[in-house]
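Structural characterization, general
Single-letter residue listing:
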Amino acid sequence: IKPGTPVDALRGAINMDKIVVVGGYSQALQAPISEAYIGAIDALNPLNITWTALPDYPAGRASRLGAGSVFMDLRPLVIFTGGDPTGAGQEGLADTWGYDINANQWLIGSTKTTGVSNISNLCGVIANDTLWMACVAGYNGNGVFGTQNEWLCLGPQVWTGVNEHSLTAAQGSL
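What you see is a predicted model, and the numbers here were worked out from it, not measured in a lab.

Quick word on the overall build of the protein chain
- In terms of regular secondary structure, the protein chain is built from 1 helix and 15 strands.
- Counting all 174 residues of the protein chain, 43% fall into the buried class.
- Sequence separation of at least 24 residues holds for 46% of the intrachain contacts in the protein chain that already meet a minimum separation of 6.
- Carbon and sulfur atoms form 54% of the exposed surface of the protein chain, whose accessible area is close to 9,300 Å².

Below, the structure is given as structure tokens:
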């Protein structure tokens, strides 16, 4: 169980053996919160997570963000974007932040084109040697905004490391 303020509408994602969760809406406080936590997932028992408080989410109070990890864990980031800063559903944030699980710090990202909450998926995609986080829809205070996909550019991505033959050999040895 995540420590801190009990909330709904929090978001999180897993990268390697870490889970990062942010924000949420506190029924007791009748407001979104900005708390953030990182959990180390036990490889032998994934239900055993050791939680540590992080500095508050840099975009401030937010619920219903988009959250995702980078494509195939190629970078040690968990990305958050958008969100509802008031809990009233009348506006959406356009901020994007990534938590670097190796450097233990928040990094600012590209501003989202359209500030929305209730973001539908946020996933990593590599296109033309560039790493992107893509999302498809969200709520902008007036209605569902989903007429076009939005892509957040995270910069060049150079493929390195495992080739198909060593990957096949490694899979055969499991």
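A word on unusual backbone geometry
- Although it is not a glycine, R64 sits at a positive phi angle of roughly 55 degrees.
- Structurally, the position occupied by R64 is in the loop between β6 (49-54) and β7 (66-69).
- Judged by its relative accessible area of 27%, R64 is partly exposed.
- Look at N118: it is not a glycine, yet its phi comes out positive at around 50 degrees.
- N118 gets classed as partly exposed once you look at its relative accessible area, which sits at 35%.

Description of the nonpolar core
- In terms of nonpolar packing, the biggest core is built from 18 residues, with V20, V22, Y57, F80, Y99 and W106 touching the most fellow members.
- Secondary-structure elements contributing two or more residues to this core are β2 (18-22), β5 (36-41), β8 (77-81) and β9 (96-100).
- The contact partners of Y57, leaving out residues within four places of it in the chain, are V22, S34, A36, L65, F80, T81, D95, W97 and W106.

Digging into the packing of aromatic side chains
- Enumeration according to the criterion identifies 4 aromatic pairs in this entry.
- Between the aromatic rings of Y57 and W106, the centroid separation amounts to 5.4 Å while the plane-to-plane angle is 70 degrees, which identifies the pairing as edge-to-face. Separated by 49 residues along the polypeptide, Y57 in the loop between β6 and β7 and W106 in strand β10 (residues 105-108) bring together distant segments of the chain.
- For Y57, a relative accessible area of 3% corresponds to the buried category.
- With centroids separated by 5.1 Å and ring planes inclined at 75 degrees, the aromatic side chains of Y99 and W106 adopt a geometry described as edge-to-face. One exposure class covers both Y99 and W106, and it is buried.
- Here a set of aromatic residues connected by ring pairs shows up, and it is made of Y57, F80, Y99 and W106.

Some words on the sheet that holds strand β12 (residues 130-135)
- With antiparallel pairing, the 3 strands of this open sheet are ordered in space as β11-β12-β15. Both outer strands of the open sheet, β11 (123-127) and β15 (150-156), are each paired with one neighbouring strand and no more. Strand-to-strand, the axes of this sheet are offset by a mean angle of 30 degrees, without reference to chain direction.
- Where β12 lies against β15, 6 bridges are found, and the strand directions are antiparallel.

A short note on the pairing of strand β1 (residues 11-15)
- For β1 and β2, the ladder comprises 5 bridges, and the chain directions are antiparallel. Within β2, the position partnered with G12 by the bridge is V21.
- Following β1, the chain reverses through 2 residues before pairing antiparallel with β2; M16 in that reversal takes a positive phi of roughly 55 degrees.

Here we look at the sheet that holds β2
- Strands sit in the order β1-β2-β5-β6 across an open sheet of 4 strands; the sheet is antiparallel. Among the strands making up the open sheet, the edge pair consists of β1 and β6. Here the average twist between neighbouring strands, direction ignored, is 20 degrees.
- Judged from the 5 bridges that link them, β2 and β5 form a sheet pairing that is antiparallel. Of the residues in β5, the one forming a bridge with V20 is I38.

Conventions adopted
Residues numbered from 1 in each chain as written. Predicted model: local features only at pLDDT ≥ 70, side-chain atom pairs only at ≥ 80, totals over all residues. Heavy atoms only, no water. Helix = DSSP H or I, 4+ residues; strand = E, 2+ residues; numbered from the N terminus. Buried < 20%, exposed > 50% of the residue type's maximum accessible area, 1.4 Å probe, protein only. Contact = heavy atoms within 4.5 Å. Areas by Shrake-Rupley, 256 points an atom, 1.4 Å probe, with all protein chains shown as cover. Core = buried A, V, L, I, M, F, W, Y, C linked by side-chain atoms within 4.5 Å. Phe/Tyr/Trp six-rings, centres within 6.5 Å; stacked < 30°, edge-to-face > 60°. Pairing = 2+ DSSP bridges. Axes fitted to C-alpha atoms, helices over the stretch in contact; angles between N-to-C directions.

Take it as geometry only, folks, not as evidence of what the structure does.
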